[in-house]
Amino acid sequence: MDDLRQPTLLNPLTEREIEILRLLYQRLSNREIAQRLTLSVTTVKWYARQIYNKLGVSTRAEAVARAQALKLLEPDESSQENEADFIRPTRHNLPALVTPFIGRDHEISEVKRLLAASRLLTLTGPGGTGKSRLALQVAAECLGDFPDGVFFIALSSLRDSLHVAKAIAEALDVSETEDESLPQALQRTLKDNRTLLLLDNFEHLLEAAPLVLKLLTTAPGLKALVTSRETLHLYGEQEYSVPPLALPDPSEQSSSRLLKNEAIALFVQRAQTASASFQLTDDNASAVVQICRRLDGLPLAIELAAARIKLFEPQALLNRIDSHPGVLVSSALDLPARQQTLHNTIDWSYVLLDPPEQALFCQLAVFRGGCSLDAIEAVCQTGDLDLLAGIESLCDKSLIRRMPAPDGDPRFTMLQTIRDFAKERLEQGGEGRATRRRHAEYFLAQAQQADRELHSARQIEWLRRLEVEHDNLRAALDWALADRAPLLGLELAGRLGWFWFLRNHAAEGRQRCTLALTKNPDAPPALRSKVLTMLAGRLASNQGDPDAARGMLEEAVDLACASGDWQQMGWASGFLGLNHVRAGRDDLIEPCYVEALRCFEAAGDRFGIGWTQNALGETARMRRDFPRAASHYQNGMAAFKALGNEWGISTTARNIAWTALRLDDLKGAEQNFRAAILGELKLSRGERVAHSLAGMAAIYEKRGSPERAARLLGASEAMLDNASIHLFPVDRLEVSITIDATRARLGEDAFQAAWDIGRGMTLEQAITEAIGAYNKDSVSRMTLV
């Protein structure tokens, strides 16, 4: 509506409001308007209130009088129709909706845009995603575009594709004759008309797709809007995949802000239908958020859950959903059987699969967080079924979805609600244990290769791979350590130690390794040594018991010696030295590192050599022997650069920088701190930047910029606190020296003020404060997430 038509209104009426205003003028009741526009009575009342508010009136009669005064009820001057034609309703049979349509503004806009540009538009998506409801809403809003009618044809009850023509004919009131078949009669009727057919639930009648194409070919003014779990596979067909509702932010606790989320709004509206007293509050908001997320944002699942709110409080309902999926059952007698339980909705798609496709579908349930084609090929036994054809079929039928992957390779996932159904069928078919073993063996092989590659130039690539597959690795560990394959679980835990450390999953790693050792009291010596070393060394908590860890590491050394594994002897000895650092046993540190270096040299392990040289440099720096520290660091850097290992390079660069700083080489210190910061960003270890931020603070303090130094010190401490990272003693010493010097320059009040500002900085702000502008895009292309 042109704003010139509403010159005195601060808030112009929308097209829908003008439409309802004209029906008010015709003295239609709210129920009659709802029937005419396929809206609920509640929605019509809501629109009426908007109209009254914008017109500044309080009654229907006043609204009509005000609209007449503003000439809002006159047809557009550009219209070629007279007023009688303008208000004549489009012929349609769209069912009236008994509940208001919530949200989906973007989807409605997209579907209307695609429908305007194409003649066959198919809305696809898994069962329960809201395809039919969205299509009905779009059809209702497009009534004015189809003067010869909009017709809804429900196909779910049909069992034979030959009956589709009859269903369309009944909706259009067309009959066959002795001279014409039904398809011919439909072609003749639609030939010169501008009509929209809404064909709902086409997926089980795909053999009737040629009929749709024939009608479209002979009737240029005809358009078809189809809902189906699979496309019709016709030339010229436009597909629109209907997404689930947007999921609420799990960290959001404000009920008022959460109500702006579509999934939450739907849950609350349907819950209030079941129990008028229900309100979303800050107390129950978290449980409602978890319910909507657990149900993947599927409208049907959310509606079924919300209907149970008269029996369960939100938290109890959430617990019930996890333990008793059968709670998602509707008592509404007017719903189709396939929509009365979530299980039935998914089963409707499952029974349409061929047996080999059903087997593939069920086996895919063992994957958690998605899977690659390589993983599917290794884990799923498809018999004579072509794997790619099977995957394509399941995608077409909306049972699995292709998801974006960082490396561009195809990756596939299931909604959790569909995965639950597939897991149930997998166990019922007796294939669960064998499939899960293949899954665990595949990801063990991946972890074995990663354990080697994490010490190579491909470290960043393999960190990314493991992060992408982390949920699958967890699933494999869960299955193996539940007494199914405990030895496999022990090896998998040992192989993941470096990944858990580098990606800051140390707490999880400690828990997994502890359980794996408990489940394998008689494990092979070399394997037990490896897991003990990871648990008590690389994954050790600074707040843990160093004496207990020492005992495990000494056992690891003995086991490694007994097995004759030089590389494992090196790691057990090296981490025993690290344990002595944590415990303050200064006289025992260097002998362990020297022994570790000897073992790594015997094994030809360049990564281990670099690590140990770096550790010896730390020992020298703690003793304030900076020249000797610098020598060890340079030896370590040479080893890491030869490997191209980013973690080793960035870690050693930071240590070289501290040494250069204490040798008054500020330029060298700055260059190396900058390299360390950018290296940590490449590794997606932003929180580890905190070490180097404190180093840059020391440089600024020495250059006479104490306020900047204090801000960086505050930012560094905040990052360390948030990530629960504890500095090693030598680094604590360096930071303490810097804090004391900066505080002395500024005075307590100014120091604290700048410190507090730093604590409030974002990571990007803190890095910019430290090193100035940097190419964020080039770094982000190398990060993992």
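Here the structure is a predicted model, which means the values were calculated and not measured. (Residues numbered from 1 in each chain as written. Predicted model: local features only at pLDDT ≥ 70, side-chain atom pairs only at ≥ 80, totals over all residues. Heavy atoms only, no water.)

**Observations regarding the packing of aromatic side chains**
What counts is decided by this rule: Here the aromatic set is Phe, Tyr and Trp, taking the six-membered ring for Trp, and pairing holds for ring centres within 6.5 Å; pairs whose planes are under 30 degrees apart are stacked, those over 60 apart are edge-to-face, and all others are tilted. Only DSSP runs of H or I with at least four residues qualify as helices, and only runs of E with at least two residues qualify as strands; both kinds are numbered from the N terminus onward. Partly exposed residues are those whose accessible area sits between 20% and 50% of the maximum for their type, while under 20% is buried and over 50% is exposed, using a 1.4 Å probe and protein chains only.
This model, assessed by the stated rule, comprises 23 aromatic pairs. Ring centres 5.9 Å apart and planes at 85° place the aromatic pair Trp-498 and Phe-501 in the edge-to-face group. Taken as a pair, Trp-498 and Phe-501 lie in helix 25 (residues 497–502) at a separation of three residues, close to a single helical turn. You'll find Trp-498 and Phe-501 in the same group, each marked buried. Here Trp-571 and Phe-607 contribute two aromatic rings whose centre-to-centre distance is 6.0 Å and whose plane-to-plane angle is 45°, an arrangement assigned as tilted. You can see Trp-571 sitting in helix 29 (residues 566–583) and its partner Phe-607 sitting in helix 31 (residues 606–622), a full 36 residues away along the chain.

**What to know about the packing of helix 2 (residues 30–37) against helix 3 (residues 41–55)**
Note the cut-off: Axis geometry follows a simple rule: fit a line to the C-alpha atoms, using only the stretch in contact for helices, then measure angles between N-to-C directions, giving values from 0 to 180 degrees. Each angle is binned into one of four classes, with values under 35 degrees roughly parallel, values over 145 roughly antiparallel, values of 65 to 115 roughly perpendicular, and all other values oblique. Between two residues, a contact is recorded if the distance between any of their heavy atoms is within 4.5 Å. All amino acids are sorted into three groups, where Ala, Val, Leu, Ile, Met, Phe, Trp, Tyr, Cys and Pro are nonpolar, Asp, Glu, Lys and Arg are charged, and the leftover types, Gly among them, are polar.
Running from N to C, helix 2 and helix 3 cross one another at 105°; their axes reach a closest spacing of 8 Å. By the angle class used here, helix 2 and helix 3 are roughly perpendicular. Contact with helix 2, carried on its side by Asn-30, Arg-31, Ile-33 and Ala-34, involves Val-41, Val-44 and Lys-45 of helix 3 and no other residues of that element. Classifying every residue of the contact of helix 2 with helix 3 by side-chain character gives four nonpolar, one polar and two charged.

**With respect to the sheet that holds strand 6 (residues 371–372)**
Applicable threshold: Pairing between strands is defined by DSSP: at least two bridges between the two strands are required.
With antiparallel pairing, three strands are arranged side by side in an open sheet as 6-8-7. In the strand order of this sheet, the two ends are held by strand 6 and strand 7 (401–403), each with one partner. Where strand 7 meets strand 8 (residues 411–413), three bridges bridge the pair, whose relative direction is antiparallel. Among the inter-strand pairings, Met-403 is bridged to a residue of strand 8, identified as Arg-411.

**Quick notes on helix 39 (residues 763–771)**
Rules: Think of it as the arc spanned by the lines of direction from the helix axis to the C-beta atoms.
Among all positions in helix 39, only Ala-766, Ile-767, Glu-769, Ala-770 and Ile-771 are buried. Down the axis of helix 39, the sector holding all buried residues measures 165°, keeping them to one side. Buried residues along helix 39 sit in contact with helix 34 (666–682), helix 35 (689–702) and helix 36 (706–723). After helix 39 finishes, the residue Gly-772 shows a positive phi value of roughly 80°.

**Things to note about the packing of helix 31 against helix 37 (residues 729–746)**
Test applied: Here a crossing is called left-handed whenever its near helix is offset anticlockwise from the far helix by less than a right angle, and right-handed whenever the offset is clockwise.
Packing of helix 31 against helix 37 leaves a shortest axis separation of 9 Å and a crossing angle of 45°. As judged from the angle between their axes, helix 31 and helix 37 are oblique. Read as a crossing pair, helix 31 and helix 37 show a hand that is left-handed. For the pair helix 31 and helix 37, the contacting residues are Glu-618, Arg-621 and Met-622 in the first and Pro-729, Val-730, Asp-731 and Glu-734 in the second. For the contact of helix 31 with helix 37, a count of residues per class yields three nonpolar, no polar and four charged.

Note that every value here comes from positions in space, so none of it alone points to a role or purpose.
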